[in-house]
Structure formats: structure tokens, C-alpha cells
Amino acid sequence: MRRYSRIAGTGSYLPPRRLTNADLAAELAARDVETSDDWIVERTGIRARHFAAPDVCSSDLGFEAAKKALQAAGRSASEIDLIIVATSTPDMVFPSTACILQHKLAQSSDDARGIAGCPAFDVQAVCSGFVYALSVADAMIQTGAANRALVIGAEVFSRILDFTDRTTCVLFGDGAGAVVLEASDTPGILASDLHADGKHVGILCVPGNVSGGQVIGSPLLTMDGQAVFKLAVGVLEDAARATLAKANLTDADIDWLIPHQANIRIMQSTAKKLKLPLSKLIVTVDQHGNTSAASIPLALDASVRSGKIKTGDTLMLEGVGGGFTWGAVLLTL
Ligand code: UT7
């Protein structure tokens, strides 16, 4: 009998500090940076975002999301045998945020025997990170290398924003989302499709690095928004169609489209290309901004908890971002 993986529970966490566009515009005005609620809403669909407190790291946000996902799955940390964290804002250069998070889960658990020794690693695919991580966890479960994984997207993008650059700093937020993915006789994950093209490294990057005890180059995000926009619109349709073809399904089989939450215009364009009514498009970018690898699991968990997405629904998850990376995962919840 074929072995599949299936989502058994979802969770998410947003840091409490919420800034509306008006709040952010007021803060930026103090730095002589001009923006407005009207511009941000019209060009992106974003109305608010959350920023973590200065002492809060990606592992802290991921830890809260993971606890909720475990609770939703009815599982304890000791039953987890794989942890994958998708992040571009890790706590440290090394070790991985996944290892730091593993230790936090082990410390909070009555019985840490399982989770304390399981493999844990980060995936770096920027805003495509969660679909990359989910696809890797699915492959490891299918082969029997793991039975029950925590797959987490966690970001503190506020740490890498240039608050003098209005073309980027209004777009991003902090947060985390998680799923428990476990082995199952029935699907689950139906198909996935991952891609990267490194020739586009320069259009979305944080070019700095740590060397000789110093940060060399800029440690802040830089983006050619229009170049990213054009690429994103094309590849999101391609990835969705490739994934549907692998699963022998069509557009009409998709109950819910959960694209990376970066810009409502990109998301709506993708839905239209897939001939999906906008009522099937899950939108949280308005409330979360772009949380990079956390955006898809945050949107998934919000929609599951609100009752919009139900067990048995077919979901198309789609990521796109720096690298350039893109991909999709098609699944039945
Ligand atoms: O997560 C990875 C994926 N990332 C993305 O998907 C981002 C993709 N790109 C985008 O979402 C859009 O390109 C942006 C939202 C970044 C920009 O929207 P746009 O419609 O491409 O605007 P633009 O860059 O063409 O700028 C239009 C105008 C410019 O002024 P001028 O030159 O026409 O006078 C900008 O200076 O808007 C100005 N502008 C702003 N004005 C007020 C840029 N940012 C702001 C701002 N507030 N925050």
C-alpha cells in the first residue's frame, strides 16, 4: 500500500504589536519618509502588519505556532520525529532555527524523548520556503525516513527592513505558521512542484554577510518590485498547472487557492489565470502584510480556524520569492 503524508493539525502565531498603515505612515513620517494608507492599500492590499518586540526571534514565534499545531493534531512534542523550519530571518548564523526551536519544544514537554533527538534543519527559499519545506517533509514521510513532522514557517522580517526605503518597508510583517504532517494510508499531499532560477538573485535579496567579525555589505532587504511582480505572475500559474497535471486534476478540482501573501494584485491575477472565482482565494495579506515563509501557513491556519477551510477540501498552496524560487503543493486536507 502506498504511503502518503497528511496534515493533522495547523497553528499560527502573530506578535501582539499590530501597526495599521496609518500607524506605520506616522512612524515613517518622523523619519521624513512619505507614504499613505491609500497608496499601500491600492498597490498591495495591505492594511496592517505585526512586528515582533526587539527580543523576540523567529524561533519564539515558531514555537508558539508549533504548540498550537500540535494541540490541533492531538499530538505531543514527543511524537514528532522531524522538524523543518522555513525562514530567511534565522535567530543565528548557526545553528539552525529548527535546532533552537526543537530545544524549546523539548523543554516545554513532559516527555522530550522523541523530539530531543529527531532531525531538525532549516530550509532557505525565502517566500517559497514553506512549500519547499512541506514538499521535503512529504518526501521524507513517503520514503519512511519520518513518520510525523513539524513543518514551520517563521519570520521576523522587520529586522531586515530599511525603514528609509518606502518601496519595501511598508510591505512586510512578522509571524509564524506551522503544520503537523504525518504518515497516512490516504492522501494528503497529492503533488508538488518546486523551482529556482539563480540568475534573478539580485532582484530580491539581503546582500550582506558576516565575515571577519563584521557585516560585509548591506544587512537590509532590497527589491526590484516590478521585476518580482512580473516574474511572480507568470511562475505561479505555471507551478499550479504543473502540480495539477502531476495529480491528474484540473483547475475545477481546487477548493481553495492559498498563494504566498505578498500583493493582492498578484494573488488575484493568479486566481483569474486558473479560472477560479475570487471567492476561492484565501486572503490574509490585508491583515498580516508579507510574512515571507510564514505567510502560507498563517493563511492556512486562519482559514481552518475560522471554519472556511474544512477537512476534505482540496488546497493549492503556492510560494514565490527571492532566489528566484517558486513552487506549489496540492493537497487534500
Ligand atoms: O515576497 C516576495 C514577493 N514580493 C512581491 O511579490 C513584491 C512584488 N512587487 C510589488 O508588489 C509591487 O511592485 C510593489 C508594491 C512593490 C510596488 O508597486 P508598483 O505598482 O510596482 O509601484 P512602483 O514601484 O511602480 O512605484 C510607483 C510610484 C513611484 O513613484 P513615481 O516614480 O511614479 O513618482 C514610487 O516612488 O509609487 C511610489 N511609491 C510609494 N508611494 C507612497 C513606492 N512606494 C511607495 C510608498 N508610498 N510606500
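See the structure shown above.
Quantities reported herein were computed from a predicted structural model and do not represent experimental measurements. (Residues numbered from 1 in each chain as written. Predicted model: local features only at pLDDT ≥ 70, side-chain atom pairs only at ≥ 80, totals over all residues. Heavy atoms only, no water.)

S.K.: Please explain the sheet that holds strand β5 (residues 120–123) as it appears in this structure.
M.R.: Strands belonging to one sheet form pairs held by backbone hydrogen bonds; the direction of such a pair is parallel or antiparallel. On the basis of which strands lie adjacent, the open sheet formed by five strands has the order β1-β7-β6-β4-β5 and mixed pairing. At either margin of the open sheet sits one strand with a lone partner, and together these are β1 (4–13) and β5. Pairwise comparison of adjacent strand axes, ignoring direction, gives a mean angle of 20° for this sheet. Here five bridges tie strand β4 (residues 82–86) to strand β6 (residues 148–156), and the two strands are oriented parallel to one another. In the strand pairing of β6, isoleucine 83 is matched with leucine 150. Contacts between helix α4 (residues 97–108) and the sheet are confined to β4, β5 and β6, with β5 contributing the most and set at about 135° to the helix. Along the sheet, helix α11 (residues 295–305) makes contact with β1, β6 and β7 (174–184), crossing β1 at roughly 90°. (Pairing = 2+ DSSP bridges. Helix = DSSP H or I, 4+ residues; strand = E, 2+ residues; numbered from the N terminus. Axes fitted to C-alpha atoms, helices over the stretch in contact; angles between N-to-C directions. Contact = heavy atoms within 4.5 Å.)

S.K.: Help me out: how do you make sense of the packing of helix α8 (residues 225–246) against helix α9 (residues 264–273) in this one?
M.R.: Describing two packed helices takes the angle between their axes plus the distance from one axis to the other. At their nearest, the axes of α8 and α9 sit 9 Å apart, and the two run at 35° to each other. As for how α8 packs across α9, the hand of that crossing is right-handed. Facing α8, whose interface residues are Phe229, Ala232, Val233, Leu236, Glu237 and Arg241, α9 presents Arg265, Ile266, Ser269, Thr270 and Lys273. (Left-handed = near helix turned anticlockwise from the far one by under 90°.)

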